[in-house]
Number of protein chains: 2
Amino acid sequence: MEIFIAEESGFCFGVERALKIAHDTVKKEKLPIYTIGPLIHNPQVVKELRKEGIIPVDDLDSIEEGTLIVRSHGLPPSVIEKAKSKGFKIIDATCPFVKQAQEKAELLSKEGYQVLVLGDREHPEVKGILGVVGGSAVCINNHTNIKTISISDRVGIVAQTTQSTEKFSKAVSELTKIAKEVRAFNTICTSTRLRQEASLTLARNVDFMIVVGGKNSANTTRLAALISRENIPVKHIEGMNELKRNWFSGIKRVGITGGASTPKWLINKMKKKLEEISL
Amino acid sequence: MEIFIAEESGFCFGVERALKIAHDTVKKEKLPIYTIGPLIHNPQVVKELRKEGIIPVDDLDSIEEGTLIVRSHGLPPSVIEKAKSKGFKIIDATCPFVKQAQEKAELLSKEGYQVLVLGDREHPEVKGILGVVGGSAVCINNHTNIKTISISDRVGIVAQTTQSTEKFSKAVSELTKIAKEVRAFNTICTSTRLRQEASLTLARNVDFMIVVGGKNSANTTRLAALISRENIPVKHIEGMNELKRNWFSGIKRVGITGGASTPKWLINKMKKKLEEISL
(Lines give C-alpha, C1' and ligand atoms only; values in the text may rest on other atoms or scores of the structure.)
Protein backbone atom coordinates (compact mmCIF):
# COMPACT_ATOMS: atom_id res chain seq x y z
CA MET A 1 0.00 0.00 0.00
CA GLU A 2 1.44 3.39 -0.94
CA ILE A 3 0.75 6.26 1.46
CA PHE A 4 0.77 9.96 0.54
CA ILE A 5 0.37 13.15 2.57
CA ALA A 6 -1.47 16.08 0.97
CA GLU A 7 0.40 19.30 0.45
CA GLU A 8 -0.83 22.25 2.53
CA SER A 9 -1.76 19.94 5.41
CA GLY A 10 -0.76 20.88 8.95
CA PHE A 11 -1.45 23.99 11.01
CA CYS A 12 -2.57 27.12 9.24
CA PHE A 13 -0.91 30.46 9.99
CA GLY A 14 -3.55 31.52 12.54
CA VAL A 15 -3.36 28.26 14.50
CA GLU A 16 0.45 28.23 14.47
CA ARG A 17 0.41 31.81 15.76
CA ALA A 18 -2.19 31.10 18.47
CA LEU A 19 -0.09 28.18 19.74
CA LYS A 20 3.06 30.28 19.84
CA ILE A 21 1.21 32.97 21.80
CA ALA A 22 -0.10 30.30 24.18
CA HIS A 23 3.38 28.83 24.79
CA ASP A 24 4.81 32.33 25.32
CA THR A 25 2.00 33.15 27.75
CA VAL A 26 2.81 30.09 29.87
CA LYS A 27 6.41 31.30 30.13
CA LYS A 28 5.51 34.90 31.00
CA GLU A 29 2.30 34.80 33.03
CA LYS A 30 1.36 33.16 36.28
CA LEU A 31 -1.17 30.33 36.25
CA PRO A 32 -4.14 29.95 35.98
CA ILE A 33 -4.36 30.60 32.24
CA TYR A 34 -7.73 30.01 30.57
CA THR A 35 -9.28 29.91 27.14
CA ILE A 36 -13.04 30.08 26.55
CA GLY A 37 -13.56 26.97 24.49
CA PRO A 38 -10.48 25.06 23.32
CA LEU A 39 -7.63 27.23 21.93
CA ILE A 40 -7.87 25.32 18.64
CA HIS A 41 -10.21 22.56 17.51
CA ASN A 42 -7.90 19.61 18.08
CA PRO A 43 -8.24 17.32 21.11
CA GLN A 44 -4.62 16.09 21.22
CA VAL A 45 -3.18 19.60 21.09
CA VAL A 46 -5.63 20.84 23.71
CA LYS A 47 -4.61 17.93 25.95
CA GLU A 48 -0.97 18.96 25.66
CA LEU A 49 -1.83 22.59 26.40
CA ARG A 50 -3.75 21.52 29.46
CA LYS A 51 -0.57 19.81 30.74
CA GLU A 52 1.23 23.15 30.34
CA GLY A 53 -1.47 24.83 32.41
CA ILE A 54 -3.83 26.26 29.80
CA ILE A 55 -7.36 25.30 30.79
CA PRO A 56 -10.34 25.55 28.45
CA VAL A 57 -13.58 26.59 30.18
CA ASP A 58 -17.11 26.99 28.82
CA ASP A 59 -17.60 30.56 29.98
CA LEU A 60 -16.41 33.23 32.38
CA ASP A 61 -18.91 32.33 35.10
CA SER A 62 -16.87 29.36 36.31
CA ILE A 63 -13.55 31.24 36.72
CA GLU A 64 -12.50 34.10 38.98
CA GLU A 65 -8.98 35.35 38.21
CA GLY A 66 -5.93 34.86 36.03
CA THR A 67 -5.06 35.27 32.38
CA LEU A 68 -7.48 34.74 29.50
CA ILE A 69 -6.16 33.88 26.07
CA VAL A 70 -8.60 34.90 23.34
CA ARG A 71 -8.44 31.90 21.03
CA SER A 72 -7.77 31.91 17.28
CA HIS A 73 -11.51 32.16 16.46
CA GLY A 74 -11.83 35.39 18.42
CA LEU A 75 -14.45 36.34 21.02
CA PRO A 76 -17.34 38.81 21.05
CA PRO A 77 -16.17 42.14 22.55
CA SER A 78 -18.83 41.84 25.28
CA VAL A 79 -17.09 38.72 26.61
CA ILE A 80 -13.67 40.39 26.53
CA GLU A 81 -15.10 43.41 28.36
CA LYS A 82 -16.65 41.17 30.99
CA ALA A 83 -13.34 39.36 31.47
CA LYS A 84 -11.53 42.69 31.87
CA SER A 85 -14.05 43.88 34.41
CA LYS A 86 -13.52 40.65 36.37
CA GLY A 87 -9.83 41.55 36.45
CA PHE A 88 -8.50 39.05 33.91
CA LYS A 89 -5.37 39.83 31.96
CA ILE A 90 -6.27 39.46 28.26
CA ILE A 91 -3.86 37.94 25.73
CA ASP A 92 -5.30 38.17 22.22
CA ALA A 93 -4.51 35.19 19.98
CA THR A 94 -7.31 35.94 17.49
CA CYS A 95 -6.17 34.95 13.99
CA PRO A 96 -5.32 38.13 12.04
CA PHE A 97 -7.61 36.98 9.22
CA VAL A 98 -10.50 36.58 11.66
CA LYS A 99 -9.62 39.98 13.12
CA GLN A 100 -9.89 41.45 9.65
CA ALA A 101 -13.36 39.95 9.16
CA GLN A 102 -14.37 41.50 12.50
CA GLU A 103 -12.94 44.88 11.49
CA LYS A 104 -14.64 44.90 8.10
CA ALA A 105 -17.98 43.99 9.69
CA GLU A 106 -17.50 46.83 12.17
CA LEU A 107 -16.62 49.28 9.39
CA LEU A 108 -19.75 48.31 7.43
CA SER A 109 -21.90 48.76 10.49
CA LYS A 110 -20.35 52.16 11.30
CA GLU A 111 -20.97 53.32 7.74
CA GLY A 112 -24.64 52.45 8.03
CA TYR A 113 -24.83 49.21 6.07
CA GLN A 114 -26.98 46.27 7.07
CA VAL A 115 -24.33 43.65 7.91
CA LEU A 116 -24.51 40.02 6.77
CA VAL A 117 -22.02 37.35 7.74
CA LEU A 118 -21.80 34.27 5.55
CA GLY A 119 -21.00 31.33 7.81
CA ASP A 120 -22.17 28.89 10.42
CA ARG A 121 -24.03 30.79 13.13
CA GLU A 122 -22.97 28.25 15.78
CA HIS A 123 -19.26 28.64 15.02
CA PRO A 124 -17.29 30.70 17.57
CA GLU A 125 -15.68 32.76 14.82
CA VAL A 126 -19.09 33.84 13.51
CA LYS A 127 -20.30 34.55 17.05
CA GLY A 128 -17.26 36.80 17.48
CA ILE A 129 -17.92 38.69 14.25
CA LEU A 130 -21.62 39.10 15.05
CA GLY A 131 -20.62 40.24 18.53
CA VAL A 132 -18.48 43.05 17.12
CA VAL A 133 -21.39 44.47 15.13
CA GLY A 134 -24.04 44.00 17.77
CA GLY A 135 -27.60 42.81 17.46
CA SER A 136 -28.26 44.13 13.98
CA ALA A 137 -25.98 41.76 12.05
CA VAL A 138 -27.44 38.66 10.44
CA CYS A 139 -25.73 35.34 9.77
CA ILE A 140 -26.60 33.54 6.54
CA ASN A 141 -25.57 29.99 5.77
CA ASN A 142 -25.89 30.24 2.00
CA HIS A 143 -27.40 32.40 -0.75
CA THR A 144 -30.86 30.84 -0.51
CA ASN A 145 -31.14 32.16 3.08
CA ILE A 146 -31.17 35.69 1.69
CA LYS A 147 -34.73 35.28 0.43
CA THR A 148 -35.94 34.84 4.01
CA ILE A 149 -34.38 38.11 5.20
CA SER A 150 -35.53 41.70 4.76
CA ILE A 151 -32.59 43.23 2.88
CA SER A 152 -31.87 46.96 3.17
CA ASP A 153 -31.03 49.28 0.28
CA ARG A 154 -27.41 49.36 1.46
CA VAL A 155 -26.09 45.99 2.50
CA GLY A 156 -22.59 44.81 3.40
CA ILE A 157 -21.28 41.29 3.68
CA VAL A 158 -18.23 39.54 5.09
CA ALA A 159 -17.49 35.81 5.30
CA GLN A 160 -16.31 33.44 7.98
CA THR A 161 -12.65 32.94 6.99
CA THR A 162 -13.09 29.24 6.20
CA GLN A 163 -16.07 29.58 3.82
CA SER A 164 -15.73 28.77 0.13
CA THR A 165 -15.33 31.62 -2.32
CA GLU A 166 -17.97 29.98 -4.52
CA LYS A 167 -20.58 30.27 -1.74
CA PHE A 168 -19.54 33.84 -1.01
CA SER A 169 -19.81 34.99 -4.61
CA LYS A 170 -23.23 33.32 -4.96
CA ALA A 171 -24.48 35.21 -1.90
CA VAL A 172 -23.13 38.52 -3.20
CA SER A 173 -24.67 37.86 -6.60
CA GLU A 174 -28.06 37.31 -4.95
CA LEU A 175 -27.75 40.51 -2.93
CA THR A 176 -27.05 42.64 -6.02
CA LYS A 177 -30.44 41.58 -7.36
CA ILE A 178 -32.18 43.01 -4.27
CA ALA A 179 -30.16 45.88 -2.79
CA LYS A 180 -29.24 49.17 -4.46
CA GLU A 181 -25.73 49.03 -3.02
CA VAL A 182 -23.78 45.94 -2.03
CA ARG A 183 -20.38 46.21 -0.37
CA ALA A 184 -18.66 42.88 -0.11
CA PHE A 185 -15.43 42.15 1.73
CA ASN A 186 -13.98 38.80 0.75
CA THR A 187 -12.54 37.86 4.15
CA ILE A 188 -11.96 34.23 3.23
CA CYS A 189 -8.50 33.01 4.17
CA THR A 190 -6.62 31.58 1.19
CA SER A 191 -5.12 28.83 3.37
CA THR A 192 -8.50 27.04 3.50
CA ARG A 193 -8.87 27.09 -0.27
CA LEU A 194 -5.27 25.96 -0.91
CA ARG A 195 -5.70 23.12 1.60
CA GLN A 196 -8.98 22.03 0.00
CA GLU A 197 -7.50 22.12 -3.49
CA ALA A 198 -4.37 20.17 -2.51
CA SER A 199 -6.45 17.58 -0.62
CA LEU A 200 -8.80 17.10 -3.58
CA THR A 201 -5.88 16.78 -5.99
CA LEU A 202 -4.41 14.02 -3.84
CA ALA A 203 -7.82 12.39 -3.30
CA ARG A 204 -8.37 12.05 -7.04
CA ASN A 205 -5.13 10.07 -7.28
CA VAL A 206 -5.67 7.53 -4.49
CA ASP A 207 -8.22 4.81 -3.64
CA PHE A 208 -8.90 5.90 -0.07
CA MET A 209 -8.53 9.10 1.95
CA ILE A 210 -7.97 9.65 5.67
CA VAL A 211 -8.83 13.11 7.03
CA VAL A 212 -7.21 13.63 10.41
CA GLY A 213 -8.46 16.25 12.84
CA GLY A 214 -10.89 17.32 15.51
CA LYS A 215 -14.50 16.28 15.02
CA ASN A 216 -15.32 19.75 16.39
CA SER A 217 -13.25 21.40 13.65
CA ALA A 218 -15.56 22.83 10.98
CA ASN A 219 -12.87 23.12 8.32
CA THR A 220 -11.70 19.52 8.88
CA THR A 221 -15.26 18.21 8.67
CA ARG A 222 -15.83 20.22 5.49
CA LEU A 223 -12.63 18.76 3.99
CA ALA A 224 -13.97 15.22 4.48
CA ALA A 225 -17.34 16.24 3.01
CA LEU A 226 -15.70 17.75 -0.08
CA ILE A 227 -13.72 14.56 -0.72
CA SER A 228 -16.79 12.39 -0.16
CA ARG A 229 -18.71 14.48 -2.70
CA GLU A 230 -16.15 13.35 -5.31
CA ASN A 231 -17.17 9.74 -4.58
CA ILE A 232 -13.79 8.89 -3.09
CA PRO A 233 -13.98 6.65 0.03
CA VAL A 234 -12.98 8.82 3.01
CA LYS A 235 -12.85 8.57 6.81
CA HIS A 236 -12.58 11.52 9.21
CA ILE A 237 -10.75 10.37 12.35
CA GLU A 238 -9.21 12.13 15.33
CA GLY A 239 -6.53 9.58 16.16
CA MET A 240 -4.78 6.29 15.50
CA ASN A 241 -7.18 4.25 17.67
CA GLU A 242 -10.02 4.87 15.21
CA LEU A 243 -8.18 3.21 12.29
CA LYS A 244 -9.74 -0.07 11.11
CA ARG A 245 -7.65 -2.62 9.23
CA ASN A 246 -10.60 -3.78 7.07
CA TRP A 247 -10.97 -0.33 5.46
CA PHE A 248 -7.85 -1.08 3.47
CA SER A 249 -8.55 -4.49 1.95
CA GLY A 250 -7.86 -4.22 -1.77
CA ILE A 251 -6.66 -0.59 -1.40
CA LYS A 252 -3.40 0.21 -3.18
CA ARG A 253 -3.01 3.99 -2.62
CA VAL A 254 -4.03 5.92 0.50
CA GLY A 255 -3.94 9.69 0.97
CA ILE A 256 -3.79 11.56 4.28
CA THR A 257 -4.76 15.17 4.91
CA GLY A 258 -5.71 17.28 7.92
CA GLY A 259 -7.49 20.49 8.84
CA ALA A 260 -6.07 23.84 9.88
CA SER A 261 -5.86 22.70 13.49
CA THR A 262 -4.33 19.27 12.86
CA PRO A 263 -0.66 19.08 13.91
CA LYS A 264 1.81 17.79 11.35
CA TRP A 265 3.23 15.29 13.86
CA LEU A 266 -0.17 13.62 14.07
CA ILE A 267 -0.36 13.32 10.28
CA ASN A 268 3.18 11.87 10.16
CA LYS A 269 2.31 9.40 12.95
CA MET A 270 -0.76 8.36 10.98
CA LYS A 271 1.41 7.70 7.93
CA LYS A 272 3.75 5.50 10.00
CA LYS A 273 0.82 3.56 11.42
CA LEU A 274 -0.60 2.98 7.93
CA GLU A 275 2.81 1.75 6.77
CA GLU A 276 2.76 -0.79 9.62
CA ILE A 277 -0.75 -1.94 8.64
CA SER A 278 0.45 -2.26 5.07
CA LEU A 279 3.30 -4.67 5.97
CA MET B 1 -56.04 38.47 -36.61
CA GLU B 2 -56.04 39.65 -33.01
CA ILE B 3 -53.63 42.47 -32.13
CA PHE B 4 -52.31 43.20 -28.63
CA ILE B 5 -50.10 45.96 -27.22
CA ALA B 6 -47.65 45.04 -24.44
CA GLU B 7 -48.04 46.70 -21.08
CA GLU B 8 -45.21 49.06 -20.12
CA SER B 9 -44.67 50.07 -23.74
CA GLY B 10 -44.23 53.73 -24.61
CA PHE B 11 -41.79 56.36 -23.33
CA CYS B 12 -39.94 55.69 -20.11
CA PHE B 13 -39.78 58.35 -17.39
CA GLY B 14 -36.40 59.70 -18.55
CA VAL B 15 -37.45 60.06 -22.17
CA GLU B 16 -40.78 61.67 -21.25
CA ARG B 17 -38.92 64.12 -19.03
CA ALA B 18 -36.27 64.94 -21.67
CA LEU B 19 -39.01 65.69 -24.21
CA LYS B 20 -40.83 67.96 -21.78
CA ILE B 21 -37.59 69.81 -21.08
CA ALA B 22 -36.98 70.11 -24.84
CA HIS B 23 -40.47 71.54 -25.50
CA ASP B 24 -40.09 73.97 -22.59
CA THR B 25 -36.69 75.05 -23.90
CA VAL B 26 -38.15 75.89 -27.30
CA LYS B 27 -40.71 78.11 -25.57
CA LYS B 28 -38.17 79.88 -23.33
CA GLU B 29 -34.92 80.10 -25.27
CA LYS B 30 -33.99 81.68 -28.55
CA LEU B 31 -32.99 79.45 -31.44
CA PRO B 32 -30.66 77.82 -32.33
CA ILE B 33 -31.11 74.94 -29.91
CA TYR B 34 -28.87 71.91 -30.33
CA THR B 35 -28.41 68.42 -28.99
CA ILE B 36 -25.22 66.39 -29.46
CA GLY B 37 -26.61 63.26 -31.03
CA PRO B 38 -30.42 62.87 -31.21
CA LEU B 39 -32.31 63.84 -28.02
CA ILE B 40 -33.74 60.33 -27.88
CA HIS B 41 -33.16 57.29 -30.09
CA ASN B 42 -36.29 57.57 -32.21
CA PRO B 43 -36.20 58.97 -35.77
CA GLN B 44 -39.86 60.11 -35.93
CA VAL B 45 -39.63 62.03 -32.66
CA VAL B 46 -36.32 63.59 -33.62
CA LYS B 47 -37.87 64.69 -36.95
CA GLU B 48 -40.71 66.44 -35.05
CA LEU B 49 -38.20 68.10 -32.70
CA ARG B 50 -36.21 69.35 -35.67
CA LYS B 51 -39.40 71.05 -36.95
CA GLU B 52 -39.66 72.82 -33.57
CA GLY B 53 -36.07 74.01 -33.97
CA ILE B 54 -34.05 71.45 -32.02
CA ILE B 55 -31.16 70.38 -34.18
CA PRO B 56 -29.02 67.31 -33.48
CA VAL B 57 -25.36 67.74 -34.34
CA ASP B 58 -22.47 65.28 -34.18
CA ASP B 59 -20.21 67.43 -32.02
CA LEU B 60 -19.50 70.96 -30.82
CA ASP B 61 -17.04 71.71 -33.60
CA SER B 62 -19.77 72.40 -36.14
CA ILE B 63 -21.75 74.92 -34.02
CA GLU B 64 -20.87 78.33 -32.62
CA GLU B 65 -23.58 79.71 -30.33
CA GLY B 66 -27.00 79.04 -28.84
CA THR B 67 -28.48 76.61 -26.35
CA LEU B 68 -27.32 73.03 -25.86
CA ILE B 69 -29.72 70.47 -24.42
CA VAL B 70 -27.85 67.61 -22.74
CA ARG B 71 -29.86 64.64 -23.95
CA SER B 72 -31.35 61.88 -21.76
CA HIS B 73 -28.21 59.71 -22.06
CA GLY B 74 -26.06 62.44 -20.56
CA LEU B 75 -22.74 63.80 -21.79
CA PRO B 76 -19.16 63.56 -20.53
CA PRO B 77 -18.37 66.62 -18.33
CA SER B 78 -15.51 67.57 -20.67
CA VAL B 79 -18.02 68.13 -23.49
CA ILE B 80 -20.30 70.22 -21.24
CA GLU B 81 -17.33 72.29 -20.11
CA LYS B 82 -16.27 72.86 -23.71
CA ALA B 83 -19.80 73.96 -24.62
CA LYS B 84 -19.85 76.39 -21.69
CA SER B 85 -16.51 77.84 -22.67
CA LYS B 86 -17.84 78.36 -26.20
CA GLY B 87 -20.66 80.39 -24.61
CA PHE B 88 -23.51 77.88 -24.97
CA LYS B 89 -26.38 77.95 -22.52
CA ILE B 90 -26.69 74.44 -21.07
CA ILE B 91 -30.07 72.78 -20.39
CA ASP B 92 -29.61 69.44 -18.69
CA ALA B 93 -32.12 66.75 -19.74
CA THR B 94 -30.00 63.86 -18.49
CA CYS B 95 -32.28 61.11 -17.17
CA PRO B 96 -32.14 61.15 -13.34
CA PHE B 97 -31.36 57.42 -13.35
CA VAL B 98 -28.41 58.01 -15.68
CA LYS B 99 -27.36 60.91 -13.46
CA GLN B 100 -27.36 58.56 -10.51
CA ALA B 101 -25.11 56.08 -12.33
CA GLN B 102 -22.73 58.97 -13.08
CA GLU B 103 -22.79 60.11 -9.44
CA LYS B 104 -22.14 56.63 -8.06
CA ALA B 105 -19.24 56.13 -10.47
CA GLU B 106 -17.82 59.47 -9.36
CA LEU B 107 -18.24 58.57 -5.67
CA LEU B 108 -16.43 55.25 -6.22
CA SER B 109 -13.60 57.01 -7.99
CA LYS B 110 -13.29 59.66 -5.28
CA GLU B 111 -13.16 56.97 -2.60
CA GLY B 112 -10.27 55.28 -4.37
CA TYR B 113 -11.96 52.32 -6.03
CA GLN B 114 -11.10 51.04 -9.48
CA VAL B 115 -14.31 51.83 -11.39
CA LEU B 116 -15.98 49.39 -13.78
CA VAL B 117 -19.06 50.19 -15.86
CA LEU B 118 -21.12 47.28 -17.14
CA GLY B 119 -22.51 48.28 -20.50
CA ASP B 120 -21.86 48.94 -24.15
CA ARG B 121 -18.78 51.12 -24.52
CA GLU B 122 -20.12 52.70 -27.70
CA HIS B 123 -23.37 53.83 -26.06
CA PRO B 124 -23.56 57.55 -25.25
CA GLU B 125 -24.76 56.83 -21.72
CA VAL B 126 -21.65 54.73 -21.01
CA LYS B 127 -19.42 57.37 -22.61
CA GLY B 128 -21.00 59.90 -20.25
CA ILE B 129 -20.42 57.75 -17.17
CA LEU B 130 -16.83 56.99 -18.19
CA GLY B 131 -16.35 60.69 -18.86
CA VAL B 132 -17.36 61.58 -15.29
CA VAL B 133 -14.71 59.28 -13.80
CA GLY B 134 -11.96 60.08 -16.27
CA GLY B 135 -9.45 57.83 -17.96
CA SER B 136 -9.17 55.27 -15.18
CA ALA B 137 -12.66 53.74 -15.53
CA VAL B 138 -13.11 50.57 -17.56
CA CYS B 139 -16.20 49.45 -19.47
CA ILE B 140 -17.01 45.74 -19.44
CA ASN B 141 -19.62 44.16 -21.64
CA ASN B 142 -20.16 41.04 -19.55
CA HIS B 143 -18.61 39.02 -16.73
CA THR B 144 -16.22 37.12 -18.99
CA ASN B 145 -14.52 40.43 -19.89
CA ILE B 146 -13.32 40.68 -16.29
CA LYS B 147 -10.73 37.96 -16.85
CA THR B 148 -8.98 40.18 -19.39
CA ILE B 149 -8.62 43.13 -16.97
CA SER B 150 -6.22 43.68 -14.11
CA ILE B 151 -8.58 44.03 -11.14
CA SER B 152 -7.54 46.06 -8.09
CA ASP B 153 -7.98 45.00 -4.47
CA ARG B 154 -10.81 47.53 -4.12
CA VAL B 155 -13.14 47.60 -7.08
CA GLY B 156 -16.45 49.37 -7.63
CA ILE B 157 -19.02 48.75 -10.32
CA VAL B 158 -22.08 50.51 -11.73
CA ALA B 159 -24.26 49.54 -14.68
CA GLN B 160 -25.63 51.26 -17.74
CA THR B 161 -29.26 51.84 -16.70
CA THR B 162 -30.66 49.54 -19.41
CA GLN B 163 -28.52 46.47 -18.60
CA SER B 164 -30.09 43.30 -17.23
CA THR B 165 -29.82 42.61 -13.51
CA GLU B 166 -28.79 39.05 -14.37
CA LYS B 167 -25.70 40.29 -16.23
CA PHE B 168 -24.89 42.74 -13.46
CA SER B 169 -25.05 40.15 -10.70
CA LYS B 170 -22.89 37.75 -12.73
CA ALA B 171 -20.24 40.44 -13.12
CA VAL B 172 -20.31 41.28 -9.41
CA SER B 173 -20.11 37.59 -8.56
CA GLU B 174 -16.99 37.26 -10.70
CA LEU B 175 -15.39 40.29 -9.08
CA THR B 176 -15.85 38.92 -5.55
CA LYS B 177 -13.68 35.98 -6.55
CA ILE B 178 -10.81 38.31 -7.44
CA ALA B 179 -10.96 41.51 -5.39
CA LYS B 180 -10.77 41.87 -1.62
CA GLU B 181 -13.52 44.48 -1.61
CA VAL B 182 -16.29 44.88 -4.17
CA ARG B 183 -18.71 47.80 -3.97
CA ALA B 184 -21.57 47.43 -6.39
CA PHE B 185 -24.22 50.02 -7.15
CA ASN B 186 -27.16 48.52 -9.00
CA THR B 187 -27.96 51.53 -11.17
CA ILE B 188 -30.23 49.59 -13.50
CA CYS B 189 -33.54 51.37 -14.12
CA THR B 190 -36.55 49.20 -13.24
CA SER B 191 -38.46 50.50 -16.27
CA THR B 192 -36.25 48.45 -18.61
CA ARG B 193 -36.85 45.27 -16.65
CA LEU B 194 -40.62 45.84 -16.38
CA ARG B 195 -40.83 46.55 -20.10
CA GLN B 196 -38.83 43.40 -20.93
CA GLU B 197 -40.97 41.25 -18.63
CA ALA B 198 -44.26 42.61 -19.99
CA SER B 199 -43.08 42.20 -23.60
CA LEU B 200 -41.98 38.62 -22.99
CA THR B 201 -45.26 37.79 -21.27
CA LEU B 202 -47.18 39.06 -24.29
CA ALA B 203 -44.75 37.39 -26.73
CA ARG B 204 -45.38 33.97 -25.14
CA ASN B 205 -49.09 34.37 -25.84
CA VAL B 206 -49.00 35.39 -29.52
CA ASP B 207 -47.74 33.91 -32.81
CA PHE B 208 -45.80 36.94 -33.99
CA MET B 209 -44.26 40.02 -32.38
CA ILE B 210 -43.58 43.49 -33.75
CA VAL B 211 -41.01 45.59 -31.87
CA VAL B 212 -41.37 49.24 -32.86
CA GLY B 213 -38.56 51.72 -32.31
CA GLY B 214 -35.30 53.28 -33.46
CA LYS B 215 -32.75 50.92 -34.94
CA ASN B 216 -30.21 53.05 -33.04
CA SER B 217 -32.02 52.40 -29.74
CA ALA B 218 -30.05 49.82 -27.72
CA ASN B 219 -32.93 48.92 -25.42
CA THR B 220 -35.34 48.43 -28.37
CA THR B 221 -32.83 46.21 -30.19
CA ARG B 222 -32.29 44.19 -26.99
CA LEU B 223 -36.06 43.76 -26.61
CA ALA B 224 -36.28 42.17 -30.07
CA ALA B 225 -33.28 39.95 -29.29
CA LEU B 226 -34.85 38.75 -26.02
CA ILE B 227 -38.08 37.80 -27.79
CA SER B 228 -36.18 36.08 -30.60
CA ARG B 229 -34.28 34.03 -28.01
CA GLU B 230 -37.64 32.57 -26.93
CA ASN B 231 -38.10 31.28 -30.51
CA ILE B 232 -41.03 33.60 -31.15
CA PRO B 233 -41.05 35.15 -34.67
CA VAL B 234 -40.23 38.85 -34.24
CA LYS B 235 -39.50 41.89 -36.43
CA HIS B 236 -37.89 45.13 -35.24
CA ILE B 237 -39.17 48.01 -37.40
CA GLU B 238 -39.02 51.78 -37.17
CA GLY B 239 -42.23 52.58 -39.01
CA MET B 240 -45.31 51.47 -40.90
CA ASN B 241 -43.56 51.37 -44.29
CA GLU B 242 -41.44 48.43 -43.19
CA LEU B 243 -44.47 46.19 -42.54
CA LYS B 244 -44.79 43.24 -44.95
CA ARG B 245 -48.18 41.63 -45.54
CA ASN B 246 -46.65 38.14 -46.04
CA TRP B 247 -45.26 38.07 -42.47
CA PHE B 248 -48.81 37.49 -41.26
CA SER B 249 -50.00 34.58 -43.40
CA GLY B 250 -51.45 31.98 -41.03
CA ILE B 251 -50.84 34.24 -37.99
CA LYS B 252 -53.76 34.50 -35.57
CA ARG B 253 -52.38 36.63 -32.73
CA VAL B 254 -49.88 39.51 -33.07
CA GLY B 255 -48.23 41.43 -30.23
CA ILE B 256 -46.74 44.93 -30.43
CA THR B 257 -44.20 46.46 -28.09
CA GLY B 258 -41.75 49.34 -28.18
CA GLY B 259 -38.57 50.61 -26.52
CA ALA B 260 -38.13 53.39 -23.99
CA SER B 261 -37.89 55.95 -26.78
CA THR B 262 -40.84 54.73 -28.85
CA PRO B 263 -43.86 57.07 -28.64
CA LYS B 264 -47.19 55.55 -27.73
CA TRP B 265 -48.87 57.19 -30.76
CA LEU B 266 -46.57 55.23 -33.05
CA ILE B 267 -47.48 51.97 -31.34
CA ASN B 268 -51.20 52.80 -31.59
CA LYS B 269 -50.80 53.70 -35.27
CA MET B 270 -49.06 50.37 -35.83
CA LYS B 271 -51.98 48.56 -34.21
CA LYS B 272 -54.43 50.35 -36.52
CA LYS B 273 -52.35 49.48 -39.57
CA LEU B 274 -52.25 45.82 -38.54
CA GLU B 275 -56.03 45.85 -38.09
CA GLU B 276 -56.35 47.11 -41.67
CA ILE B 277 -54.03 44.36 -42.96
CA SER B 278 -56.07 41.87 -41.01
CA LEU B 279 -59.36 42.85 -42.75
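Everything below is about the structure printed above this text.
This one's a predicted model, so the numbers in the text were calculated from it and none came from an experiment.

A. Highlighting helix α6 (residues 165–176) of chain B. Residues and elements named next belong to chain B. The terminal C-alpha atoms of α6, which comprises twelve residues, lie 16 Å apart, in line with the 16 Å expected from a rise of 1.5 Å per residue. Across the twelve residues that make up α6, a large majority, nine, are buried. For α6, the complete set of buried residues consists of Thr 165, Phe 168, Ser 169, Ala 171, Val 172, Ser 173, Glu 174, Leu 175 and Thr 176.

B. View of the nonpolar core. Counting residues in each nonpolar core, the largest one holds 33 residues, and the members touching the most others are Ile 157 of chain A together with Ile 157 of chain B. Where this core is concerned, the elements lending two or more residues are β6 (114–118), β8 (154–159), α6 (165–178) and β9 (181–185) of chain A together with β6 (114–118), β8 (154–159), α6 and β9 (181–185) of chain B. Judged by nonpolar contacts, the second largest core, of 17 residues, contains Phe 248, Ile 251, Ile 267 and Ile 277 of chain A.

C. Inspection of the environment of Val 206 of chain A at higher detail. Residue and element names in this part refer to chain A. Relative to the elements of secondary structure, Val 206 occurs in the loop between α7 (190–203) and β10 (208–212). Residue Val 206 is classed as buried on the basis of its relative accessible area, which comes to 9%. Separated by 50 residues in the primary sequence, Val 206 and Ile 256 place their C-alpha atoms 9.8 Å from one another. Excluding its chain neighbours within four sequence positions, the residues that come into contact with Val 206 are Phe 4, Arg 253, Val 254 and Gly 255.

D. How the structure looks around the relation of the copies chain B and chain A. With an RMSD of 0.0 Å, chain B superimposes on chain A once it is rotated by 180° and translated 0.0 Å along the axis. Accordingly, the operation relating the two chain copies is best matched by a two-fold axis. Scanning chain B for the C-alpha nearest the rotation axis identifies Arg 183 of chain B, at a separation of 2.1 Å. A share of 100% of the interface residues of chain B reappears at the interface of chain A, consistent with the copies meeting face to face through the same patch.

Here is what the cut-offs are and how they apply
- All chains use their own residue numbering, which begins from 1 and follows the written sequence.
- Going through the entries in the order they are written, you letter the chains from A and number the ligands from 1.
- Only residues with pLDDT of 70 or above have their local features reported here, since the model is predicted, and side-chain atom pairs are shown and tallied only from 80 upward, although totals for entire chains, interfaces and linings are computed over all residues.
- Note: side-chain values were computed over all heavy atoms of the structure, leaving out hydrogens and water.
- The secondary structure listing takes helices from DSSP runs of H or I that are at least 4 residues long and strands from runs of E that are at least 2 residues long, numbered from the N terminus.
- Any helix carries an expected span of 1.5 Å times its number of residues minus one.
- Relative accessibility decides the category of a residue: with a 1.4 Å probe and only protein chains considered, values under 20% of the type maximum give buried, values over 50% give exposed, and everything between is partly exposed.
- What is meant by a nonpolar core is a set of buried Ala, Val, Leu, Ile, Met, Phe, Trp, Tyr and Cys residues, joined one to another through side-chain atoms within 4.5 Å.
- Only heavy atoms matter for contacts: two residues are in contact if any of them lie within 4.5 Å across the pair.
- Residues below a pLDDT of 70 in either copy are left out; the C-alpha atoms of the rest, at least 70 in both, set the least-squares superposition of the copies.

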